[in-house]
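Working through the structure, step by step
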Amino acid sequence: MPRYSKKRQIEYTLGIISGLEAISNTTSMLIDGDDGDYGISCDPENDLEDNSNDRTLRYNPLSLVPWGELLDKISSQRYLDRSQKIPRAPSRIDWLFNELDDERFTQEVRMSKDAFNMILDKIKDDPIFVSSGPKPQKPVFLQLLVTTRRLGFYGNGASIGNIARYYGVREGSVIKYTNRCIKAICLFESTYIHWPSEQEKYISKKYFSSSFLFDDCLGIIDGTLFFLANEPCSTEAQSYFSYKKKYGISGILVCNSNKQIIYSYIGWPGSTHDSRIFSNSSIFRYPGLYFKENEYLLGDSGFECLKNIIVLYKKPRNSELTDQQDTFNMRLSSVRIHIEHTIGILKMRFQSLRELPIQLQDKDSAKHAVDWIKACMILHNMITAYRLDDIYNEEELTTILQEQQQQNSIRYDRRFNRATDLEEDLTPGKARRKEIFNQVMNSE
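Treat the numbers as computed from the prediction; the structure is a model and nothing was measured.

Before going further, it helps to examine the overall build of the protein chain. What the protein chain contains, in helices and strands, is 17 helices and five strands. Out of the 444 residues in the protein chain, the part that is buried amounts to 44%. For the protein chain, the proportion of contacts with a sequence separation of at least 24, taken over those separated by at least 6, is 68%. Surface summary for the protein chain: the accessible area is close to 24,400 Å², and the carbon and sulfur share equals 50%.

This is the structure:
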């Protein structure tokens with residue numbers, strides 16, 4: 001991706017040429033001041049005669065073009081060639097909404113027609129879609145269509161030019177539409193990504209207890225990585241280079257029994273481990289705001305075992321886990337598949353999260369990347385809450401789940417499995433896990 005536009009490149013080149021012209025003129029003046037015979041006279045015959053006597057016939061070819069005037073003219077214009085018109089494709093709106101069946105519409109827009117219309121109704125009255133000038137904006141449904149396509153695809157299929165031609169809009173409009181819709185969607189963060197109410201807690205507890213024997217469990221916590229398509233342009237670029245040998249943004253998510261995201265803490269450089277991210281989260285710092293007595297989340301060995309975070313048993317140094325500990329780990333892992341499915345479905349529906357098309361340059365671009373991710377999570381919860389569609393593709397979901405599991409195995413095998421889990425060294429978290437262990441094993 002070019003860093004500068006063609007207009008900027010031409011301005012840069014003309015600036016260099018203008019500078020060379022000035023240097024050349026200055027040099028000629030200095031030489032002519034020493035010996036007038038080296039200049040170009042008004043008599044061509046004398047000039048040729050001088051040249052035959054090994055005298056240098058000099059002229060400045062750069063001076064034949066008014067480079068300075070040309071540079072000023074180009075710099076004063078916003079566009080290099082305003083007259084150039086890009087042909088637009090015919091409207092796809094009628095084709096999408098009236099000719100495609102529901103399954104193919106979902107493939108194109110990454111959600112069903114009912115889900116699209118529901119989201120449109122929620123954001124269409126946002127003031128951001130009201131033009132501040134005399135010319136009205138394009139319809140909100142078109143802006144949302146452009147946004148869902150940009151969020152829902154990655155690679156060449158999600159390029160700005162490709163989407164602009166697909167919907168018959170300008171390339172600059174694709175960026176504007178996306179930014180507007182992301183801002184409008186993020187206003188619903190507190191509505192759709194929130195800690196469960198008492199009634200919602202009751203539903204999750206009942207499900208995890210009846211299905212997996214984990215009483216008082218509210219959900220599952222896990223870390224994930226959102227890769228970046230480009231290397232960050234900052235002095236901290238190396239900190240975004242993850243263990244997967246790609247640049248990315250890290251964060252932690254918590255989901256409930258319905259595969260809805262109830263808590264997120266994202267925006268950390270890709271090299272940051274889940275345990276460090278979690279230790280800075282509000283769940284860790286202010287657990288009283290989230291948990292009542294005996295309530296907890298389930299996690300893997302990447303997290304510290306706490307009273308409110310129950311994790312897998314780690315293999316002791318120079319020893320093996322007991323059969324009952326292995327059984328407990330298997331039961332806990334069978335519950336953890338919910339968070340892996342949640343992250344997998346999120347990245348399958350909004351595939352831009354597999355390779356964010358944002359280059360981090362400063363705080364504003366970093367915030368935009370986080371808002372992009374949040375908008376996808378909010379849309380995921382909106383659609384899941386109303387059970388409006390099913391975009392599961394077994395092959396795609398399996399691929400993403402394998403990537404997620406590979407991330408976990410590399411991350412935790414390398415750093416944390418060396419730790420011991422001695423029962424005689426019971427911290428409050430391990431003591432709480434021992435209680436849950438006894439409750440689960442005695443309930444079989």
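It is worth spelling out the packing of aromatic side chains at this point. On inspection of all chains with the given rule, the structure shows 17 aromatic pairs. Measuring from ring centre to ring centre gives 4.9 Å for Tyr166 and Tyr167, while their planes differ by 80°; the resulting arrangement is edge-to-face. Judged by relative accessible area, Tyr166 falls into the buried class, the value being 9%. Centroid distance Trp195 to Tyr290: 5.0 Å. Interplanar angle 85°. Geometry classified as edge-to-face. One end of the pair, Trp195, is in the loop between helix 10 (189-192) and helix 11 (198-212); the other, Tyr290, is in the loop between helix 13 (282-285) and strand 4 (296-298), and 95 residues separate them in sequence. Taken together, the ring pairs connect Trp195, Tyr263, Tyr290 and Phe291 into an aromatic cluster. Above the ring of Phe227, the side-chain terminus of Lys246 is found at 4.6 Å from the ring centroid. The positively charged end of Arg433 is found above the aromatic ring belonging to Tyr313, 3.9 Å away from the centroid.

The rules behind each value
Each chain has its residues counted from 1, running along the sequence as written. Only residues with pLDDT of at least 70 are given local features in this predicted model, and only at 80 or more are side-chain atom pairs given and counted; all residues enter the totals for whole chains, interfaces and linings. Values shown for side chains rest on all heavy atoms present in the structure; no hydrogens or waters enter the calculation. By the criteria applied, helices consist of DSSP H or I runs no shorter than four residues and strands consist of E runs no shorter than two, each listed in order from the N terminus. Burial classes: relative accessible area under 20% of the type maximum marks a residue as buried, over 50% as exposed, and values in between as partly exposed (1.4 Å probe, protein chains only). Here, residues are in contact when the closest pair of their heavy atoms is within 4.5 Å. Only the protein chains shown count as cover for residues, with accessible areas throughout obtained via the Shrake-Rupley method and a probe of 1.4 Å. Think of it this way: a Phe, Tyr or Trp ring, Trp meaning its six-membered ring, pairs with another when their centres are within 6.5 Å, and the plane angle makes it stacked under 30 degrees, edge-to-face over 60, tilted otherwise. For a Lys NZ or an Arg CZ to count as sitting over a ring, it must be within 6 Å of the ring centre and within 35 degrees of the ring normal.

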